[in-house]
Amino acid sequence: MELLNGFKNPFRSEYKRWVFLVGLVAISHLLFQSFLLPYGNALRSLLLPGIDDSIEGNYGNVVSPVRSGSKSVVVRNTLTINGSDFSTRDVILFNDGNGGGGVGISGRKIGDWVEKGVSNVIFDGNVDDDYASENGEDLNENAVLEEVIRDQDNYVNATSRIEQVAKHGREVSISELRDVNTTSQYPALSSMANPTPNAGSSFRSTSLQSDHTVSKSNSLMVVKPGKKKMRCEMPPKTVTTIDEMNRILLRHRRSSRAMRPRRSSILDKEIFAAKSWIENGPVITNDQDLYATVFRNVSLFKRSYELMEQILKVYVYKDGKKPIFHLPILKGLYASEGWFMKLMQGNKHFVVKDPRRAHLFYMPFSSRMLEYTLYVRNSHNRTNLRQFLNDYTETISAKYPYFNRTDGADHFLVACHDWAPYETRHHMEHCIKALCNADVTAGFKIGRDVSLPETYVRSARNPLRDLGGKPASQRHILAFYAGSMHGYLRPILLKHWKDKDTDMKILGPMPPGVASKMNYIQHMKSTKYCICPKGYEVNSPRVVESIFYECVPVIISDNFVPPFFEVLDWGAFSIILAEKDIPNLKDILTSIPQERYLALQLGVRKVQRHFLWHAKPERYDLFHMTLHSIWYNRVYQIKLR
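Residues numbered from 1 in each chain as written. Predicted model: local features only at pLDDT ≥ 70, side-chain atom pairs only at ≥ 80, totals over all residues. Heavy atoms only, no water.

- An unreviewed UniProt entry lists the protein under the name Exostosin GT47 domain-containing protein, with Gossypium barbadense given as the organism.
- On record in UniProt, under Sequence similarities (unreviewed entry), the comment for the protein is "Belongs to the glycosyltransferase 47 family."
- Quoted straight from UniProt, the Subcellular location (unreviewed entry) entry for the protein says "Golgi apparatus membrane". (UniProt positions renumbered as here; feature names shortened; annotations may be inferred.)

1. Brief notes about the environment of Val635
Move 1: Looking at the secondary structure, you find Val635 in helix α17 (residues 622-637).
Move 2: On the accessibility criterion, Val635 (1% relative accessible area) is buried.
Move 3: As a C-alpha pair, Val635 and Glu270 span 365 residues in sequence and 9.4 Å in three-dimensional space.
Move 4: With near-sequence residues (within four places) excluded, Val635 lies in contact with Ile271, Ala274, Lys275 and Ile278. (Helix = DSSP H or I, 4+ residues; strand = E, 2+ residues; numbered from the N terminus. Buried < 20%, exposed > 50% of the residue type's maximum accessible area, 1.4 Å probe, protein only. Contact = heavy atoms within 4.5 Å.)

2. Topic: the side chain of Asp410
Move 1: With respect to the helices, strands and loops of the structure, Asp410 is situated in the loop between α10 (402-406) and β8 (411-415).
Move 2: Looking at Asp410, its side chain comes within polar contact range of the side chain of Arg405, at 3.3 Å.
Move 3: A polar atom in the side chain of Asp410 sits 2.7 Å from the side chain of Thr406.
Move 4: Not counting residues up to four positions away in its chain, the partners in contact with Asp410 are His359, Leu360, Phe361, Tyr402, Arg405 and Arg634. (Polar contact = N/O pair within 3.5 Å; in protein donor to acceptor, adjacent residues only side chain to side chain.)

3. Some points on the sheet that holds strand β7 (residues 360-362)
Move 1: With parallel pairing, the five strands of this open sheet are ordered in space as β6-β7-β8-β9-β10. Of all strands in the sheet, those with a lone pairing partner are β6 (314-316) and β10 (450-451), marking the two edges.
Move 2: Across two bridges, the pairing between strand β9 (residues 432-435) and β10 is parallel. Of the residues in β10, the one forming a bridge with Leu435 is Ser451.
Move 3: Sheet strands in contact with helix α7 (residues 335-345) are β6, β7 and β8, and its direction is about 135° off that of β8. (Pairing = 2+ DSSP bridges. Axes fitted to C-alpha atoms, helices over the stretch in contact; angles between N-to-C directions.)

4. Description of the sheet that holds strand β15 (residues 575-577)
Move 1: Within the open sheet, the five strands sit side by side as β12-β11-β13-β14-β15. Their pairing is parallel. In this open sheet, the two edge strands, each paired with only one partner strand, are β12 (504-506) and β15. Taking each pair of neighbouring strands and ignoring which way they run, the sheet shows an average axis angle of 20°.
Move 2: Where strand β11 (residues 477-481) and β12 come together, three bridges link them in parallel fashion.

5. Points about helix α12 (residues 489-497)
Move 1: Every buried residue belonging to α12 is among Leu489, Arg490, Leu493, Leu494 and Trp497, and all of these are buried. Angular distribution of buried residues about the axis of α12 spans 135°; they occupy a single face of the element.
Move 2: Of the residues trailing α12, Asp499 is marked for its positive phi of about 60°. (Arc of directions from axis to C-beta.)

6. Considering unusual backbone geometry
Move 1: Of the consecutive residues Lys322 and Pro323, the connecting peptide bond is found in the cis state with omega at 10°.
Move 2: Among the secondary structure elements, Pro323 is positioned in the loop between β6 and α7.
Move 3: With a phi close to 60°, Glu550 is a non-glycine residue in the positive phi region.
Move 4: For Glu550, the position within the fold is in the loop between α14 (542-548) and β14 (552-556).
Move 5: With a relative accessible area of 13%, Glu550 lands in the buried category.
Move 6: Here Asn559, not a glycine, exhibits a phi torsion of approximately 75°, which is positive.
Move 7: Using a relative accessible area of 2% as the deciding quantity, one classes Asn559 as buried.

7. A closer look at the pattern of salt bridges
Proximity of charged atoms lets side chains of opposite charge pair with each other.
Move 1: Considering all chains together, one arrives at 18 salt bridges under this definition.
Move 2: Between Asp268 and Arg405 there is a salt bridge, with its nearest N and O atoms 2.6 Å apart. Here Asp268, found in helix α5 (residues 266-279), pairs with Arg405, found in helix α10; they are 137 residues apart in sequence, far enough to count as distant.
Move 3: A salt bridge links Asp466 to Arg465, with the nearest nitrogen and oxygen atoms 4.0 Å apart.
Move 4: Via salt bridges that share partners, Asp287, Lys302, Arg303 and Glu306 belong to a single interconnected network. (Salt bridge = Lys/Arg side-chain N within 4 Å of Asp/Glu carboxyl O.)

Take a look at the structure:
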């Protein structure tokens with residue numbers, strides 16, 4: 001027995017040494033990995049070295065799905081909004097040295113990898129040819145994401161916020177944002193919804209993985225800038241005039257194309273009856289609240305508005321987490337969607353907690369935050385953005401019975417980003433879409449969709465700052481334009497009119513700075529006609545800016561449906577020209593009689609109240625006008641079985 005124990009003791013001693021050695025190697029490996037991958041999964045790389053990591057829904061710990069045995073570059077950036085580090089991303093780019101390569105991206109922006117020599121980036125072939133540039137800010141002013149509101153109850157600004165801005169229309173790069181060391185307040189995208197066990201699909205952020213993982217098929221293609229002109233850089237193939245738009249509206253009013261609900265409810269019958277009440281209401285000849293001249297039919301509008309106040313109830317989906325959902329941005333180029341979200345979610349008159357009492361259903365996502373959070377800079381691929389909203393739609397369809405009942409015809413969204421028509425295509429096709437990019441050639445449906453005014457808000461605390469302008473008698477400049485050269489139309493405008501006529505102050509980009517901004521504003525306050533040419537897309541914030549500063553807007557944008565087209569008569573306070581009329585611009589403006597100009601300028605001042613945001617909504621303001629147009633189009637679209 002003693003001899004046997006003598007044999008065991010050496011083995012036990014050797015075994016302890018071996019365990020100690022293995023443990024020491026493991027700890028060294030983990031320490032080494034912690035230096036190289038401070039945001040990565042060092043333990044997983046040790047235990048499962050052969051298994052690819054998948055994209056996780058947690059913004060604080062995201063790993064690329066792509067692995068390569070050759071050269072790789074790891075880029076880590078932190079996106080901080082309102083002092084909340086909700087988007088820490090890992091990006092792995094690789095080049096296999098044989099003309100191939102790949103990209104595994106779970107982040108939103110890639111700032112400088114092109115300059116750093118990473119080449120031969122290959123995507124999965126699903127590239128949008130009609131893509132509008134990600135640098136599509138419409139003004140030459142700073143596009144900011146300040147004043148982001150994080151609490152829907154009190155909407156108090158956080159102490160820390162984004163202070164680096166995108167100048168001259170270029171996007172903010174993550175590497176350009178100032179890092180704020182605070183605790184993340186935003187949960188993972190993967191927890192945005194909690195569908196029932198029998199849900200047909202899950203609301204998953206991992207759709208990013210399928211969009212940016214290198215495919216093994218022959219569909220891979222190298223992205224080479226400048227190879228093909230984008231849709232936004234070319235004139236439209238077809239043009240729908242304003243007269244044709246009017247005919248389309250009347251035709252859709254007579255015959256709705258909306259589907260009949262699979263089962264009608266009492267609420268459907270209330271909306272259906274509202275159409276008769278609107279059309280058979282009293283005729284208004286003189287109304288102290290409304291300036292009848294700027295409306296198509298002020299009697300119909302006033303009766304419809306009053307019925308909306310009496311009847312309409314809206315359910316706001318609670319599903320979806322910040323930052324893409326429930327996080328309004330109240331400043332900058334895309335402020336309209338943020339202000340509507342803020343005011344709608346805080347409204348006690350229209351909003352109901354019980355969806356069974358609702359006539360309409362609001363899907364409160366921010367198209368700006370969708371792009372800012374998920375889009376991969378310079379990828380020219382927005383498939384993951386559309387897939388994300390598709391997953392969201394499938395989730396609420398499975399969790400609630402309301403979307404499927406009408407295929408979404410009683411649901412609405414409010415989105416101001418240029419890409420919103422693409423992002424909401426197909427899966428939200430039957431919803432009422434309030435869009436800034438109201439382009440009839442991009443799927444905008446006159447009579448169902450709503451043209452949302454694009455408002456450039458410079459102060460979230462005081463959206464009415466600098467409101468107004470000089471009286472008509474003190475406006476000595478005939479026409480004014482200043483801005484960046486986005487799209488194909490603005491260079492044509494400058495070619496014909498820049499430095500050609502002292503009455504036509506047609507300028508290019510104005511230099512950055514406060515003085516330049518004030519100069520821009522003073523020009524609009526002192527000009528008779530403010531030129532509003534399209535940029536990359538048909539919409540431009542200058543239309544609302546002109547009204548804000550009481551300058552008659554001259555809209556030059558083929559196929560653009562003006563805001564609130566279903567109720568406003570834009571001929572009473574604006575000039576709408578075809579793009580081909582740019583060479584004759586001065587002749588057209590000088591041929592307008594003084595009496596006509598004074599009537600137009602009066603119309604601008606009277607319609608101004610309908611294009612203003614207020615911290616506390618007022619009757620007939622921009623919030624109520626947007627909601628009314630959504631209601632009005634639903635009234636004229638509904639069908640009953």
